[in-house]
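# Residue-level structure breakdown
This is what each chain is made of:
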Amino acid sequence: MQIKSSYIDLCLQTAINNTYLHLQSKSKFNHFSIKEKMTDYSKELQGKKVLVTGVTGLIGKATVEHLLKKGIPANQIIGLSRKKEPMEDLAARGIEVRFGDYFDYDSLVRAFEGIDKIMLTSTVAFTDRSTQHYNAITAARQAGVKHVVYMAIMRKEGSQRIMPEVTESDLYTEQVLKSSGLTYTIVYHPPFTDALSFFLDPNSYENGIKVPANNGKMAPATRDELAEAHAEILSTPGHENKTYSLGGSNLISFADIAKILAEVKGQPVPFTTITSEEYIDGIVAKGAPRHVAEFITSWVLAIEGNEFEHQSGDLERLLGRKTKTFREYVESTLA
C-alpha cells in the first residue's frame, strides 16, 4: 500500500478536521431499528438555511455533498470558508459560499446572518482553537442562529488523558456551547479509517509497520461516513441538545492493520512495536518539526490506550447501515 502523504500532511489533515480526541459522552440517541428508518428530509429544513464551516476541507465539503444527496435544495445550503477565492465547484451546484474567518468576529456575524443551523468544524491545531471556537459560537448567537452542531473527538469515558493542542480547547468549546443558550448537538469522532495510513511508513510493504503500539483497539470510520452522519443530524429533527459517539462498527489495532495489508496483497508486512522516542525520531528524520512529531505520537499512544474503542451504535443508526471495514477500504483503494 503506497502512502504518498507526508507526516506533515498528517498533522495538517488531522488538525483541519480536528482528528481523534475529545470527551466522549453517553449517547442520548433514540434507539430505532435500522430497517424502520424512513425520513422525509424536505420537512425539517423547509425554508431554513444550514451553514457548513470548513467547506475547503474533506469533511466540510462531504457534509455539503450529503445534504444535497438527501434532497436539501442548494439554495438552503451555505458554505463558510476563510479563503476569499470563489469555490467554483460548489458555486456551479448553486451553493453559496460566504467568507468568514474565526479570528475576524465581524466576518462571522455577517456570514451567519439568516442561518438557522451551523455545522461547526473544529479549527486547526496550534492556532488558538479556543478563541476561534468562542468567536464562532458567540457570533452565531448574535446573528440569531438557533442550533450549532460541533465536531469533537471521542474519548474513553473517565479518561484523564490530555491530548496536546486538542483536548483542553475541545472541553472549553463544549462548555461555551452548552452555556450559550443555543440548541446544540455534539458529535464525537473516532480515528478516520481513510487516514490511518498517515501513521505508517510511506511504503509499509517494503519497510513494515513500526509504531509505539500493538493490540490497542479503535473503532474508526471514514470521513465520508462521518460527514453523512453530520448531514443526517442537520436535516432531521430529534437531535436537540444531544451528544453522539460516532465509533465505527469494527474494532482494529495497528497489529491488525499489518495483517490485513498483508492479506489483501498477499505480501508480508512486518510489524514491530518500537518506543515513542524511536517513532518521534523517525518522523523528525522525514522533515517534521519535533513538536509535530510529538503531536502525532500522542494519537498513536491514545489508540494503543484504547481511547477510541467505544461502539455506541450511534453512527450505524444515523447511517442506517454498518460502517466500512478497514479491509473493505483498502480493497476499494486498490480496485
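It should be emphasised that the depicted structure is a prediction, and the values quoted were computed from it without experimental measurement.

## Quick notes on the overall build of the protein chain
Counting its secondary structure elements, the protein chain contains 14 helices and nine strands. For the protein chain, the share of sequence-separated contacts (at least 6 apart) that also reach a separation of at least 24 residues comes to 82%. Counting every atom, the protein chain has about 14000 Å² of accessible surface; 49% of that belongs to carbon and sulfur.

## As for helix 11 (residues 276–285)
Residues Tyr279, Ile280 and Ile283 constitute the buried set of helix 11. Taken down its axis, helix 11 places every buried residue within 100° of arc, on the same side. Backbone geometry just after helix 11 places glycine 287 at a positive phi near 110°.

## A few points about the confidence of the model for the protein chain
Low-pLDDT stretches of the model should not have their predicted coordinates read in fine detail. When pLDDT is averaged across the protein chain, the result is 88; 87% of the residues are at 70 or more. Here residues 1–38 is a poorly scored stretch, pLDDT under 50, and it has 133 contacts once near neighbours within four places are set aside; other chains count.

## Looking at the pattern of salt bridges
Applying the stated criterion across every chain yields a total of 16 salt bridges. With a shortest N-O distance of 2.8 Å, glutamate 228 and arginine 321 are connected by a salt bridge. In this pair, glutamate 228 sits in helix 9 (residues 223–235) while arginine 321 sits in the loop between helix 13 (314–319) and helix 14 (326–334), placing the two residues 93 residues apart along the sequence. In this structure, aspartate 281 engages arginine 290 in a salt bridge whose closest nitrogen and oxygen atoms are separated by 3.5 Å. What makes arginine 290 partly exposed here is its relative accessible area of 35%. The network of salt bridges with common partners includes Glu277, Asp281, Arg290 and Glu294.

## Some remarks on the sheet that holds strand 3 (residues 96–99)
Strand order across the open sheet formed by seven strands is 3-2-1-4-5-6-8, with parallel pairing between neighbours. The open sheet has two free edges, formed respectively by strand 3 and strand 8 (242–245), since each of these has just one partner strand. Strand-to-strand twist in this sheet, taken as the mean axis angle between neighbours without regard to direction, amounts to 20°. Looking at chain direction, strand 1 (residues 50–53) and strand 4 (residues 117–120) are connected through three bridges and run parallel. Of the residues in strand 4, the one forming a bridge with valine 52 is methionine 119.

## Some thoughts on the side chain of threonine 323
By the secondary structure assignment, threonine 323 is in the loop between helix 13 and helix 14. The buried category is assigned to threonine 323, whose relative accessible area is 5%. In terms of polar contacts, threonine 323 uses its side chain to reach the backbone amide nitrogen of serine 249, at 2.8 Å. Excluding anything up to four places from it in sequence, threonine 323 contacts Pro220, Glu225, Gly248, Ser249, Asn250, Leu315 and Glu328.

## Some remarks on the environment of aspartate 281
Relative to the assigned elements, aspartate 281 resides in helix 11. In this structure, the C-alpha to C-alpha distance between aspartate 281 and alanine 293, residues 12 residues apart in sequence, is 7.9 Å.

## Re the pairing of strand 4
Neither face of strand 4 is exposed, since Lys117 and Met119 on one face and Ile118 and Leu120 on the opposite face are all buried. The parallel pair strand 4 and strand 5 (residues 147–153), bridged by helix 6 (residues 129–143), forms a crossover whose chirality is right-handed.

What counts, and where the lines are drawn
- Residues numbered from 1 in each chain as written.
- Predicted model: local features only at pLDDT ≥ 70, side-chain atom pairs only at ≥ 80, totals over all residues.
- Heavy atoms only, no water.
- Helix = DSSP H or I, 4+ residues; strand = E, 2+ residues; numbered from the N terminus.
- Contact = heavy atoms within 4.5 Å.
- Areas by Shrake-Rupley, 256 points an atom, 1.4 Å probe, with all protein chains shown as cover.
- Buried < 20%, exposed > 50% of the residue type's maximum accessible area, 1.4 Å probe, protein only.
- Arc of directions from axis to C-beta.
- pLDDT = per-residue confidence, 0-100.
- Salt bridge = Lys/Arg side-chain N within 4 Å of Asp/Glu carboxyl O.
- Pairing = 2+ DSSP bridges.
- Axes fitted to C-alpha atoms, helices over the stretch in contact; angles between N-to-C directions.
- Polar contact = N/O pair within 3.5 Å; in protein donor to acceptor, adjacent residues only side chain to side chain.
- Right-handed = clockwise from strand over helix to strand, strands pointing away.

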